[in-house]
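Descriptive structure summary
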Amino acid sequence: MVPSAAWIRTLGMLRSRFEAIPTAFGKHLVPGHGSQPKRREREKEDKNLHIDKFSDIWNAFIISLRDEDLINNRERDLLIVPSSAGDTSVFQWPPFLLASKIPMALDMAKSVKKRDEELRKRINQDPYTFYAVIECYETLLNILYSLMAETSDKKVVDRIRESLEDSIERQSLVREFRLDELPQLSAKFDKLLTLLLKTEEEHDTTIKTQIANLLQDTMEIITQDIMKNGQGILKDENRDNQLFANLNLDSIKDEAWREKCVRLQLLLTTKESAIYVPTNLEARRRITFFANSLFMKMPRAPQVRSMMSFSVLTPYFKEEVLFSTEDLHKKNEDGISILFYLRKIYPDEWKNCLERIKFVPKDEESLKSRMDEISPWASYRGQTLTRTVRGMMYYRRALEIQCIQDKIDIAKLDRQRTTTSYQEGGNIVDMALAIADIKFTYVVSCQVYGMQKVSKNLKDKACYLNILNLMIMYPSLRIAYIDEVEAPTKNGTTEKTYYSVLVKGVGEKYDEEIYRIKLPGKPTDIGEGKPENQNHAIIFTRGEALQAIDMNQDNYLEEAFKMRNVLEEFGSDKYGKSKPTILGLREHIFTG
């Protein structure tokens, strides 16, 4: 348990303790080393490795919140750790920790008139202000150099950089630079970044001209308004063309480069405190709960290949799988439809959904053109099989990420933690997928799936197709059902024979039978429906542990990352010889 005095109850407390979270993460969620080098060297190496691995997990968590529409794009950008980490000499913390630090630093610079030491002392009082200043400076240089195609243009930036760094070294920055002019420079860089992010074609001459003009204005501000001795930097008698006339815009299609621009713009322009990010209460609850849980006393996670394998089993009868267009628009006696109701009780999540699918509805009728995307949004907010399957399949996604982390020493890579960089590691991703399939199995026991498949009833047919689509969406999902077959007997009559059948999705619209096991009779005649629905499918589960999940339950990606720790409880030495055989987990009730 976490001591009550140490609980992270608010986002403000989260910000103040965030630096401790990667360490707590490394202590519990990162497997220990097989070999033990010298302690100090190992601790230093572990700290860097744990921060890298924490960043992967944290980013996956934040992206899942965005995919679930609990946060918007701006909040995602403020909460995420950049995949370009390593381009700067300081660790790049999530922008929500650094928000408003640059505007504050600019105010500090304006107010300091005499000594560099005073400015340095004020900036160093808050570590996040220091991180933000260093990162902004180094990222800005990185972006500027990437735009320069001419050596003469690069020399201009070189001379400004050398002059600045020389002044800092000699502690004469305040005397040699007019720091009160920095806000107008920040505004110019904001305009430049906005223009770069709007640009989609590197050969657009109009855009190139606008960028060149902005760069020229920026350099004039630096050399004439800010630098007291910079008037000669832009003068070059040997120059054949205008300054920045030839630009290299190849980077604008690179996602990591654009992400870098977005992050820099957030740091430069976010003036309000990020204490209210995210605004969604459910997103806040999940972030603070996850952060608190990392400080709990729990077994250390083993590597994925060494963990207990487990299965999840969910019984399903005829409940909703996915809300159809008709279901969502059908009005009750009060004239209220399900979609209207959900939009009213989740207004921010609805707005986030529209932002994600890039759709601005003109009226109610226009919504029907995007129901393929809106139906899942609504279904994830009801008690549907679609919601449960998505939640349970987070286990597999978590194991994939953790297995890749086990296989790759991220600290020795170029810290490019994107999916592309993982794929460059050869067959590591394929191996991770295979190990995840070995360690995790998800079986949904859809008792009447076979009957729904051949039914002429439109509702039953829709259920069958929706379940089939789930199998195609999640290739490792398995569906078990009871099949009734009329079989001939020896005396010439026929009798019903019952089978337990396991199927999987194949291609884009088919299911394929994997196993068929003959039963002694109709299993639901022996006992009650739900337990017998589970019993006939247990034979298809795999592994050393089984989690029973009802159809109205959900799961979160960030909690799935801790499943390795949970399973370690079964073999923990603290129980002595009486090892536990049943383990209960805390639940959060999301229904009213």
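For every chain, the first residue of the written sequence is number 1, and numbering continues from 1 along that sequence. Confidence filtering applies because this is a predicted model: local features only for residues at pLDDT of at least 70, side-chain atom pairs given and counted only at 80 or more, and all residues used for totals across whole chains, interfaces and linings. Note that the side-chain values use all heavy atoms of the structure and ignore hydrogens as well as water.

The name an unreviewed UniProt entry assigns to the protein is 1,3-beta-glucan synthase, from the organism Aegilops tauschii subsp. strangulata.

Okay, the overall build of the protein next. Secondary structure elements follow DSSP: runs of H or I no shorter than four residues count as helices, runs of E no shorter than two count as strands, and numbering proceeds from the N terminus. Regarding its fold elements, the protein presents 26 helices and six strands. Considering the protein as a whole, with its 592 residues, one finds that 50% of them fall into the buried category. Sequence separation of 24 or more characterises 75% of the internal contacts of the protein that already satisfy a separation of 6 or more. As displayed, the protein has an accessible area near 30500 Å², and 51% of this comes from carbon and sulfur atoms. Think of it in three bands: with a 1.4 Å probe and only protein chains considered, a residue is buried below 20% of the maximum accessible area for its type, exposed above 50%, and partly exposed in between. What makes two residues a contact is simply this: any of their non-hydrogen atoms within 4.5 Å. We get accessible surface area from the Shrake-Rupley algorithm with a probe of 1.4 Å; when it comes to residues, only the shown protein chains can shield them.

The next subject is the sheet that holds strand β5 (residues 510-518). Within a sheet, each strand pairs with its neighbour through backbone hydrogen bonds, oriented either parallel or antiparallel. Paired strands are those between which DSSP finds at least two bridges. Taken in spatial order, the six strands line up as β5-β4-β3-β2-β1-β6 in an open sheet, and their pairing is mixed. Two strands bound the open sheet, and with one partner strand each, they are β5 and β6 (545-548). Along the sheet, successive strands turn relative to each other by an average axial angle of 30°, direction set aside. Judged from the eight bridges that link them, strand β4 (residues 494-506) and β5 form a sheet pairing that is antiparallel. Directly across from Val506, in β5, lies its bridge partner Tyr510. Fitting a line to C-alpha atoms yields each axis, with helices limited to the stretch in contact; the angle taken between N-to-C directions then spans 0 to 180 degrees. The sheet strands contacting helix α21 (residues 428-439) are β1 (310-316) and β2 (440-446), and the helix crosses β2 at an angle near 55°. Each of β1, β2, β3 (477-488), β4 and β5 is contacted by helix α23 (residues 458-473), which is oriented at about 95° to β5, the strand it contacts most.

Here we come to the packing of helix α11 (residues 182-198) against helix α13 (residues 255-269). Closest axis-to-axis distance for the α11/α13 pair is 10 Å, and the angle between their directions is 150°. Regarding the angle of α11 to α13, the classification is roughly antiparallel. With respect to the hand of their crossing, α11 and α13 are arranged in left-handed fashion. Contact with α11, carried on its side by Ser186, Phe189, Asp190, Leu193, Thr194, Leu196, Leu197 and Lys198, involves Trp257, Arg258, Cys261, Val262, Leu264, Gln265, Leu268 and Thr269 of α13 and no other residues of that element. Orientation is classified from the angle alone, with under 35 degrees giving roughly parallel, over 145 giving roughly antiparallel, 65 to 115 giving roughly perpendicular, and any other angle giving oblique. Handedness of a helix crossing follows the sense of rotation of the near helix relative to the far helix, less than a right angle counterclockwise being left-handed and clockwise being right-handed.

Before going further, it helps to examine the state of the cysteines. We call a pair of cysteine sulfur atoms a disulfide whenever their separation is within 2.5 Å. Inspection of the entire model under this criterion finds zero disulfides. Between Cys463, a free cysteine, and Cys446, which holds the nearest cysteine sulfur, the sulfur-to-sulfur gap is 9.5 Å.

So, about the nonpolar core. Each nonpolar core is a collection of buried residues, namely Ala, Val, Leu, Ile, Met, Phe, Trp, Tyr and Cys, held together in the definition by side-chain atoms within 4.5 Å. Judged by nonpolar contacts, the single largest core of 141 residues is most densely connected at Phe18, Phe310 and Tyr449. For this core, the element with the most residues is helix α19 (residues 385-407), which contributes eleven residues. Each of two domains, domain 1 (87-277) and domain 2 (298-318 + 384-589), supplies a minimum of three residues to this core. Phe310 has contacts with Tyr395, Leu399, Lys439, Phe440, Thr441, Arg542, Gly543, Ala545, Met563 and Leu567, leaving out every residue within four places of it along the chain. In terms of nonpolar packing, the next biggest core, distinct from the first, is built from 14 residues, Leu342, Met371, Ile374 and Ala378 among them. The domain limits used here are those given by an automatic or database domain assignment.

Mapping Tyr464 onto the fold places it in helix α23. Apart from the residues within four sequence positions on either side, Tyr464 is in contact with Tyr449, Gln452, Lys453 and Asp511.

On to the pairing of β3, then. Bridge count for β2 against β3 is four bridges, and the pairing is parallel. Directly across from Tyr442, in β3, lies its bridge partner Leu477. When β3 meets β4, the two strands line up antiparallel, connected through ten bridges. The residue of β4 that forms the bridge with Glu484 is Tyr498. In this structure, the hairpin formed by β3 and β4 is closed by a connection of five residues, where Gly492 is found at a positive phi of approximately 90°.

Moving on, we get to α23. Multiply 1.5 Å by the residue count of a helix minus one, and that product is the helix's expected span. Taking 1.5 Å as the rise per residue, α23 with 16 residues should run 22 Å; its terminal C-alpha atoms sit 22 Å apart, in good agreement. Inspection of α23 places Asp460, Cys463, Tyr464, Asn466, Ile467, Leu468, Leu470 and Met471 among the buried residues, and these make up the whole buried set. Pairs of N or O atoms are called polar contacts if they sit within 3.5 Å, as long as, within protein, a hydrogen donor faces a hydrogen acceptor (for residues adjacent in sequence, only side-chain-to-side-chain pairs). You can read the cap of α23 off the contacts: a side-chain oxygen lies 2.8 Å from the backbone nitrogen of Lys459, and it is on Asn457.

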